[in-house]
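Here is what each chain is made of, one letter per residue.
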Amino acid sequence: MRKALYHYAYRRSPDQDARAPVRHPVVVVGAGPVGLAAAIDLALRGVTVVLLDDADRIGEGSRGICYSKRTLEILDRLGVGERLVAQGVTWKLGKVYLGDTLAYAFDLLPEDGHKMPAFINLQQYYLEKALVDRVGEIPAIDLRWKNRVVGVDRRNDHVRLDVETPDGRYRLDADWVIAADGARSAVRDLLGLGFEGLTFEEKFLIADVRMAADFPTERRFWFDPPFHSGQSALMHRQPDNVWRIDLQLGPDADVAEEQKPERVLPRLRRALGDRDFELEWVSIYRFNCRRLARFVHGRVIFAGDSAHQVSPFGARGGNSGIQDAENIAWKLAELMQGRAGGRLIESYDVERMQAADENIGHSTRSTDFIAPRSPAERALRNAVLALAPAAEFARRMVNSGRLSTATVYETPLSTPDQDRFAGSAQLGAPAPDAPMRGRDGRAGYLLERLAGAFELIHVRGGARPDVPAEIKLTVVGEDLSDQGGLFAQRFDATPGASYLLRPDQHLCARWRAYERGKVEAARLRALGG
Amino acid sequence: MSKLITTSRFPNPDEAYVALVDAHRGRDAEQSAALNARLVLILANHIGDLDVLKEAIALAGARDRGSDGGVS
């Protein structure tokens, strides 16, 4: 099997020779997708970042493989979205089979006019490689490989970290620490924080195989497939002719035994039929659905798997982690640049714990449906499956994973609507994308034209509004033109309508007519009041 | 003409399913079967239409695939 794909060199930092610990604005712990995204986002917002990782390589197993539309929109803002979409396998259709009969199919993005697809599949190491390449273009990020955090000391106005390297230990001070160091977070352990939630007894075999196959580019899920009787199976396509196969093994499976090739290969052969394949990666998993009680601990902020964990049904792990990174990055930048107070950081807890609870809820319900916990639950699940071919209501209850969508924040940062709006745009949700043509006549999309600051999107209806200096103004009908009418439809736009977006592209206020005082009050509210 | 509605009526079907699952948590097989029987009687009376009840019985009965509904 393949080992690490990309190696990076440890380099000694001048901080290691300093007499006193050198102080940095932000230290991010963990250079996985979440830590890399957080570091890039902060740096693009003008905050210098030290990024520490305990390894010196990426690419051991493809791990996370599904990236959702919202995550791709974030990654596009960070400068790697187009590269990833070009490299990944775009898909939007899911099919669920009962035995070998198709029970139902779903389309995740039934409408056109979005830059990013519903989902791409891509090995996590390609995502990490793209983000590490991007870090290399940004001087404000100091990425230090083979730097393992072994001590965390929370001081009054900073955090002191003990870091172990091949040259020994050194100390580092940070105004803020983002702990993106994964499910086995060292920072979490060092602070003595525990999880609240569930561990499932059910075990799953997860394998990546390389093979030439003409299977469709769809998420295919089976209950009781002919090739894996009495259990469930999931198959997903990745680039490079690599296929992800998940096979449910039951609660009593022996983890060591099931990883042996003489056990794995016959199982896969039954699933894949009579074709040659090469095993790339195999692992046996038990899933957790759990989170920390709080994500913000003074100046240490948890993001991604260090803060919350879900089962993979629904692709809610990696996607929610990258959405955590986006949420904390703009807030820390606003705080450090003097435009907001500590209450903005508390809103990270409010918004991302809501997202974590939503993800844990979906993921728990899916896992319970796939692996019922009692005979009565199994009877109920089987009744749903038995009725599904004949009754639509039962098909709607068949749950093989509800795929990740962005959380609509119930947040004090939003200014409640006073005017009525229809359309798909929602307060507390990311702005829906729409095709837009710029002043230069070039076709493009709304989200890629946003500056990543507070931005007022105003629909031309008179004079150009005199927005406060901290807000970027975009006038639809002047700066951008809504040629297909999809913007008007999705935002329920009328002349004069004004939409205030946060730096993370979430809609935080809207009005039928522009009023400077209301816009400024809404911006202050979105900064924590 | 069929009077039984088989299209989905819950805005969030997952929540309805979980409510049923939760009702069985902590009950053994006999208690679960008894709960199901009481539930059927309560819902049948709520519907209050013998034609609909008979159609529902026919649909449920037609889906037998072995003793446990097929998937184990």
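What counts as what
- Residues numbered from 1 in each chain as written.
- Chains lettered and ligands numbered in written order.
- Predicted model: local features only at pLDDT ≥ 70, side-chain atom pairs only at ≥ 80, totals over all residues.
- Helix = DSSP H or I, 4+ residues; strand = E, 2+ residues; numbered from the N terminus.
- Rg over C-alpha atoms; globule rule 2.2 N^0.38 Å.
- Buried ≥ 20, exposed ≤ 12 C-beta atoms within 10 Å, placed from the backbone.
- Contact = placed C-beta atoms within 7 Å.
- Pairing = 2+ DSSP bridges.
- Axes fitted to C-alpha atoms, helices over the stretch in contact; angles between N-to-C directions.
- Core = buried A, V, L, I, M, F, W, Y, C linked by C-beta atoms within 7 Å.
- Domains from an automatic or database assignment.
- Nonpolar A, V, L, I, M, F, W, Y, C, P; charged D, E, K, R; others polar.
- pLDDT = per-residue confidence, 0-100.
- Parallel < 35°, antiparallel > 145°, perpendicular 65-115°, else oblique.
- Left-handed = near helix turned anticlockwise from the far one by under 90°.

## Comments concerning the overall build of chain A
Okay, step 1: Broken down by element type, chain A carries 14 helices and 28 strands.
Okay, step 2: Relative to a compact globule of 529 residues, whose C-alpha radius of gyration would be 24 Å, chain A shows 24 Å and is just as compact.
Okay, step 3: When burial is assessed residue by residue, chain A has 49% of its 529 residues classed as buried.
Okay, step 4: Contacts in chain A between residues far apart in sequence, at least 24 positions, make up 71% of those at least 6 positions apart.

## Considering the interface of chain B and chain A
Often, the extent of an interface is quoted as the loss of accessible area upon association of its parts.
Okay, step 1: Listed as interface residues are 22 residues of chain B and, on the opposing side, 23 residues of chain A.
Okay, step 2: Ranked by residue count, the leading element in the side of chain B that touches chain A is helix α1 (residues 13-24) of chain B, at seven residues.

## A short note on the pairing of strand β24 (residues 455-459) of chain A
Residues and elements named next belong to chain A.
Okay, step 1: In terms of residue burial, β24 counts as a mostly covered element, since five of its five residues are buried.
Okay, step 2: Here β24 pairs with strand β27 (residues 498-501) via four bridges, running antiparallel. When the sheet's bridge partners are listed, I457 is paired in β27 with Y499.

## Some details on the sheet that holds strand β5 (residues 66-68) of chain A
Residues and elements named next belong to chain A.
Okay, step 1: Taken together, three strands build an open sheet; the order of strands is β5-β9-β6 and the sheet is antiparallel. The open sheet terminates on both sides in strands that have one partner only, identified here as β5 and β6 (89-91). Neighbour to neighbour, the strand axes of the sheet diverge by 30° on average, direction disregarded.

## Here's the deal with the nonpolar core
Okay, step 1: Of all hydrophobic cores here, the largest spans 118 residues; its most connected members are A38, V177, I178 and I301 of chain A.
Okay, step 2: The contacts of I178 of chain A, once residues within four sequence positions are left out, are V26, V28, V29, G35, A38, I301, A303 and I328 of chain A.
Okay, step 3: By size, the runner-up hydrophobic cluster in this structure holds 35 residues, among which are F204, W222 and L247 of chain A together with Y17 of chain B.

## Thoughts on the domain arrangement of chain A
All names here are of chain A.
Okay, step 1: When its domains are assigned, chain A resolves into domain 1 (6-88 + 120-195 + 291-362) and domain 2 (435-526).
Okay, step 2: Elements represented by at least two residues in the side of domain 1 that touches domain 2 include exactly α2 (69-77) and α8 (317-336).
Okay, step 3: When grouped by side-chain class, the residues that make up the side of domain 1 that touches domain 2 number two nonpolar, one polar and four charged.

## Observations regarding unusual backbone geometry
Residues and elements named next belong to chain A.
Okay, step 1: With a phi close to 55°, D224 is a non-glycine residue in the positive phi region.
Okay, step 2: By secondary structure assignment, the location of D224 is in the loop between β15 (219-223) and β16 (232-238).
Okay, step 3: Even without glycine at this site, Q505 takes up a positive phi of about 70°.
Okay, step 4: By secondary structure assignment, the location of Q505 is in the loop between β27 and β28 (507-511).

## Some details on the environment of R269 of chain A
Residue and element names in this part refer to chain A.
Okay, step 1: Its location among the elements puts R269 in helix α7 (residues 261-272).
Okay, step 2: By C-beta crowding, R269 is classed as partly exposed, having 13 other C-beta atoms within 10 Å.
Okay, step 3: The spatial distance from the C-alpha of R269 to the C-alpha of E515 is 66 Å, given a sequence separation of 246 residues.

## With respect to the confidence of the model for chain B
It should be kept in mind that the predicted coordinates are not to be read in detail where pLDDT is low.
All names here are of chain B.
Okay, step 1: On average, chain B scores 87 in pLDDT, and the residues at 70 or more come to 85%.
Okay, step 2: Counting contacts from residues 66-72, a segment whose pLDDT is below 50, to residues more than four positions away or on other chains yields 16 contacts.
Okay, step 3: Confidence estimates for the predicted assembly give a pTM of 0.94 and an ipTM of 0.89.

## A short note on the environment of L36 of chain A
Okay, step 1: In this structure, L36 of chain A sits in helix α1 (residues 33-44).
Okay, step 2: Ignoring sequence-local partners within four residues, the contact set of L36 of chain A consists of A31, E128, L131, V132 and V135 of chain A.

## Looking at the packing of α1 of chain A against α8 of chain A
Residue and element names in this part refer to chain A.
Okay, step 1: As a packed pair, α1 and α8 sit with axes 8 Å apart at the nearest point and diverge in direction by 25°. When the interaxial angle is binned, α1 and α8 end up roughly parallel. As for the relative orientation of α1 and α8, their crossing is right-handed in sense. Where α1 approaches α8, its residues P33, V34, A37, A38, D41 and L42 are matched on the opposing element by G318, G321, I322, D324, A325, E326, I328, A329, L332 and A333.

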